[in-house]
Amino acid sequence: ESSSSASTVQAVLPVSISTTFALSPDNNLLVTCGQSLLLRLWSLASFSSGTISHASWRIPGGAPVCVATFDSTSALVALGTTRGTVQVWDAVKRYCTHNFKGVAGLVGAVVFHPNSTHVYSSAADGAINMWDLETSQCVMQLKGHVSTVPVLRFAGDGGRLLLSGGRDQVVHVWETATGRSLKTVLVFEFLDDLVPIAGDSD
């Protein structure tokens, strides 16, 4: 069972070295995770007054968090750990709603689908898992990469397409409804990020 504490601090982050952070879409919450294995949730609403209210609790499993992201409502935050687990937290009520296991190695990226109850995560072996928040199961696995995938981005209307960029210097374009690979692009360099640009045909 996680414990929580709340405090008000001057507008500085903790001394503990942070391993990842994420800003909520509404710009009101900041989540940080560090070597202390604490998840800190910062409320930025009072930032203009020079103080930031925050709560912190220990991350179960004892593994450092390497990636974090919020869903489109800013109510849920997903964490990917170095031990291949994906945790989903309720940022409002501050408890872990899901703890998905079975990812090979550390989690390279994690994203919420914008219009469904699915969370996508990538593994060290290049596989991309689609987790369902309603059934708490992995309902689809996308295979095409041969190394770590640090980039997952949605494109198209309503997240119709998923773009994945890997250390294998390849970008895959997936159809999220079927998991089918629509296109493979060799980019000839290692990717740390990519930005979908909408065109006439997405």
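Residues numbered from 1 in each chain as written. Predicted model: local features only at pLDDT ≥ 70, side-chain atom pairs only at ≥ 80, totals over all residues. Heavy atoms only, no water.

Caption draft 1: Geometry of the sheet that holds strand β16 (residues 170–175). In spatial order, the strands read β14-β15-β16-β17; together these four strands make up an open sheet with antiparallel pairing. What marks the edges here is a single partner per strand, and that holds for β14 (151–155) and β17 (180–186). On average, adjacent strands in this sheet sit at an angle of 20° to one another, irrespective of strand direction. (Pairing = 2+ DSSP bridges. Helix = DSSP H or I, 4+ residues; strand = E, 2+ residues; numbered from the N terminus. Axes fitted to C-alpha atoms, helices over the stretch in contact; angles between N-to-C directions.)

Caption draft 2: Region of interest: the pattern of salt bridges. In total, this model carries one salt bridge according to the counting rule given. The partner of Glu175 in a salt bridge is Arg180, and the shortest N-O contact between them spans 3.6 Å. Given a relative accessible area of 48%, Arg180 falls into the partly exposed group. (Salt bridge = Lys/Arg side-chain N within 4 Å of Asp/Glu carboxyl O. Buried < 20%, exposed > 50% of the residue type's maximum accessible area, 1.4 Å probe, protein only.)

Caption draft 3: Layout of the packing of aromatic side chains. On inspection of all chains with the given rule, the structure shows three aromatic pairs. Taking the centre distance of 5.5 Å and the plane angle of 40° together, the rings of Trp57 and Trp89 count as tilted. Placement of the pair is Trp57 in strand β5 (residues 51–58) and Trp89 in strand β8 (residues 86–90), with a sequence separation of 32 residues. Using a relative accessible area of 3% as the deciding quantity, one classes Trp57 as buried. For the pair Phe100 and Trp131, a centre-to-centre distance of 4.7 Å together with 20° between the ring planes defines the contact as stacked. With a gap of 31 residues between them, Phe100 in strand β9 (residues 95–100) and Trp131 in strand β12 (residues 128–132) connect regions that are remote in the sequence. Relative accessible area serves as the criterion here: at 4%, Phe100 is assigned to the buried category. We classify Trp131 as buried; its relative accessible area is 4%. (Phe/Tyr/Trp six-rings, centres within 6.5 Å; stacked < 30°, edge-to-face > 60°.)

Caption draft 4: Structural detail: the sheet that holds β9. With respect to topology, four strands assemble into an open sheet ordered β6-β7-β8-β9, the strand pairing being antiparallel. Bordering the open sheet on either side are β6 (65–70) and β9, each of which pairs with just one other strand. The sheet shows a mean angle of 20° between the axes of neighbouring strands, taken without regard to direction. Note that β6 and strand β7 (residues 76–81) share five bridges and pair antiparallel. The residue bridging Phe70 from the neighbouring strand is Val77, located in β7.

Caption draft 5: Highlighting the pairing of strand β3 (residues 29–34). With six of its six residues buried, β3 lies for the most part within the structure. Going residue by residue along β3, you find Leu29, Val31 and Cys33 tucked away on one face and Leu30, Thr32 and Gly34 tucked away on the opposite face as well. Pairing analysis gives five bridges linking strand β2 (residues 18–23) to β3, with the strands arranged antiparallel. Within the sheet, the bridge partner assigned to Phe21 lies in β3 and is Thr32. Between the end of β2 and the start of β3, which pair antiparallel, lie five residues, with Asn27 showing a positive phi angle near 65°. In terms of strand pairing, β3 meets strand β4 (residues 38–43) through five bridges, oriented antiparallel. Bridge pairing in β4 links Val31 to Leu41.

Keep in mind these values describe shape, not function.
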